[in-house]
Amino acid sequence: MATIGVVGAGVMGIGVAQNLAQGGHEVVLVDRDEAVLAEARAAIARNSRMSRLMGGPPLDADAILAAISTAVGVSSLAKADIVIENVTENWDVKRAVHAELDEVCSDDTVLVANTSAIPITRIASIGAHPERVVGVHFMNPVPAKPVVELIPGVHTSEQTLERTRELLRSMGKRWVDVKDASGFVSNRVLMLTVNEAAFLVHEGVATAEAVDEVFRGCFGHPMGPLETADLIGVDTILYSVEVLYESYADSKYRPCPLLKQMTDAGLHGRKTGRGFYTYES
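What you are looking at is a predicted structure, and each value in this text was computed from that prediction instead of being measured.

## Overview of the nonpolar core
Thinking step 1. Core analysis: the largest hydrophobic core is formed by 33 residues, its most contacted members being L20, L29, I44, I68, I84 and F138.
Thinking step 2. If we ignore the near neighbours within four places in the chain, the residues touching I44 are I14, A17, Q18, L29, I64, L65 and I68.
Thinking step 3. Counting 25 residues, the second-largest nonpolar core is a separate cluster that includes A80, L101, C105 and I151.

## Describing the sheet that holds strand 8 (residues 174-177)
Thinking step 1. Pairing is mixed across the open sheet formed by eight strands, whose spatial order is 3-2-1-4-5-6-7-8. The outermost strands of the open sheet, each flanked by one partner alone, are strand 3 (68-72) and strand 8. Neighbour to neighbour, the strand axes of the sheet diverge by 25° on average, direction disregarded.
Thinking step 2. By the bridge criterion, five bridges tie strand 2 (residues 26-31) to strand 3 in an arrangement that is parallel. Considered in strand 3, the bridge of D31 is made with V72.
Thinking step 3. Sitting on the sheet, helix 2 (residues 34-49) touches strand 2 and strand 3, and the angle it makes with strand 3 is about 165°.

## Topic: helix 2
Thinking step 1. Its 16 residues place the ends of helix 2 23 Å apart at the C-alpha level, agreeing with the 22 Å of an ideal helix rising 1.5 Å per residue.
Thinking step 2. Among all positions in helix 2, only L37, A40, A43, I44, A45 and S48 are buried.
Thinking step 3. Among the structural elements, helix 1 (11-22), strand 2, helix 3 (61-66) and strand 3 are those in contact with the buried residues of helix 2.
Thinking step 4. With a side-chain oxygen lying 2.7 Å from the backbone nitrogen of A35, the N-terminal cap of helix 2 falls on D33.

## Points about a negative patch on the surface
Thinking step 1. On the surface, D81, D107, D108 and E131 cluster together into a negatively charged patch.
Thinking step 2. With respect to the element layout, E131 can be found in the loop between helix 5 (120-124) and strand 6 (133-137).

## Concerning the side chain of D230
Thinking step 1. Summarising the element assignment, D230 is placed in helix 9 (residues 225-232).
Thinking step 2. Nearest to the buried, unbridged D230 among oppositely charged side chains is R270, at 6.6 Å.
Thinking step 3. Side-chain polar atoms of D230 contact the backbone nitrogen of F276, separated by 2.9 Å.

Definitions and cut-offs
Residues numbered from 1 in each chain as written. Predicted model: local features only at pLDDT ≥ 70, side-chain atom pairs only at ≥ 80, totals over all residues. Heavy atoms only, no water. Core = buried A, V, L, I, M, F, W, Y, C linked by side-chain atoms within 4.5 Å. Buried < 20%, exposed > 50% of the residue type's maximum accessible area, 1.4 Å probe, protein only. Contact = heavy atoms within 4.5 Å. Pairing = 2+ DSSP bridges. Helix = DSSP H or I, 4+ residues; strand = E, 2+ residues; numbered from the N terminus. Axes fitted to C-alpha atoms, helices over the stretch in contact; angles between N-to-C directions. Expected span 1.5 Å × (residues − 1). Polar contact = N/O pair within 3.5 Å; in protein donor to acceptor, adjacent residues only side chain to side chain. Patch = residues over 30% accessible without salt bridge, like charges linked within 9 Å, V, L, I, M, F, W, Y side chains within 5 Å. Areas by Shrake-Rupley, 256 points an atom, 1.4 Å probe, with all protein chains shown as cover. Salt bridge = Lys/Arg side-chain N within 4 Å of Asp/Glu carboxyl O. Lys, Arg positive; Asp, Glu negative; His and termini not counted. Charge placed at Lys NZ, Arg CZ, Asp CG, Glu CD.

Put into structure tokens, the structure is as follows:
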């Protein structure tokens, strides 16, 4: 199986790395800090061991960890067949990482951008080989979600798409083909919903619990929009809404001030222990 680089050891990167290892790939998980990588390995071990309890398949945590090596910095990805980038939904950060990858990786390495809202053509414009850049929007938690959005940029080649499809098959994923437009399908709709739900709390119309109960009880959603925000990350929600607002210059995408305040306060949801709800460590 191929050697796959995974850049970013946050919630999404951890899930992508685990899913790849389950599919038989050798994985190099990269971040900027050894402590972050150590915590990522601990999280992967924990998630693998709990898979069956959470309704997933029984997994061999030791085998999964054995397939995942870690490294600080992207220089270790020079020989990777495919690299999946999962850094925060911030253009300056994405741009810097893709500039590094363009220098480090061989010309035929496929660069997959796992992004919630940033257009793939914009990301592909950073490097010298836009034909090898493609977007795959994975859903969280990655190992449990069977469907992804597959987004080619203007210059993405058919060879890049086919190699990406082959990789997704090995991960047990189905894909929905989506044209390159900020937010794609899922987040063009979901981020508006979450943002408006945050406005309801911000304006005192309802509590977070009440908003989510309406969606669970009335519409049969397994999670309400603010529970979903905590799962994705309140900061990621904010950054995605800001990208939509910038891309479309439409006031309907104006970010809720409460999202900004919570992001500044470090109330990012499950990953920090507190967001719209409080979580036990």
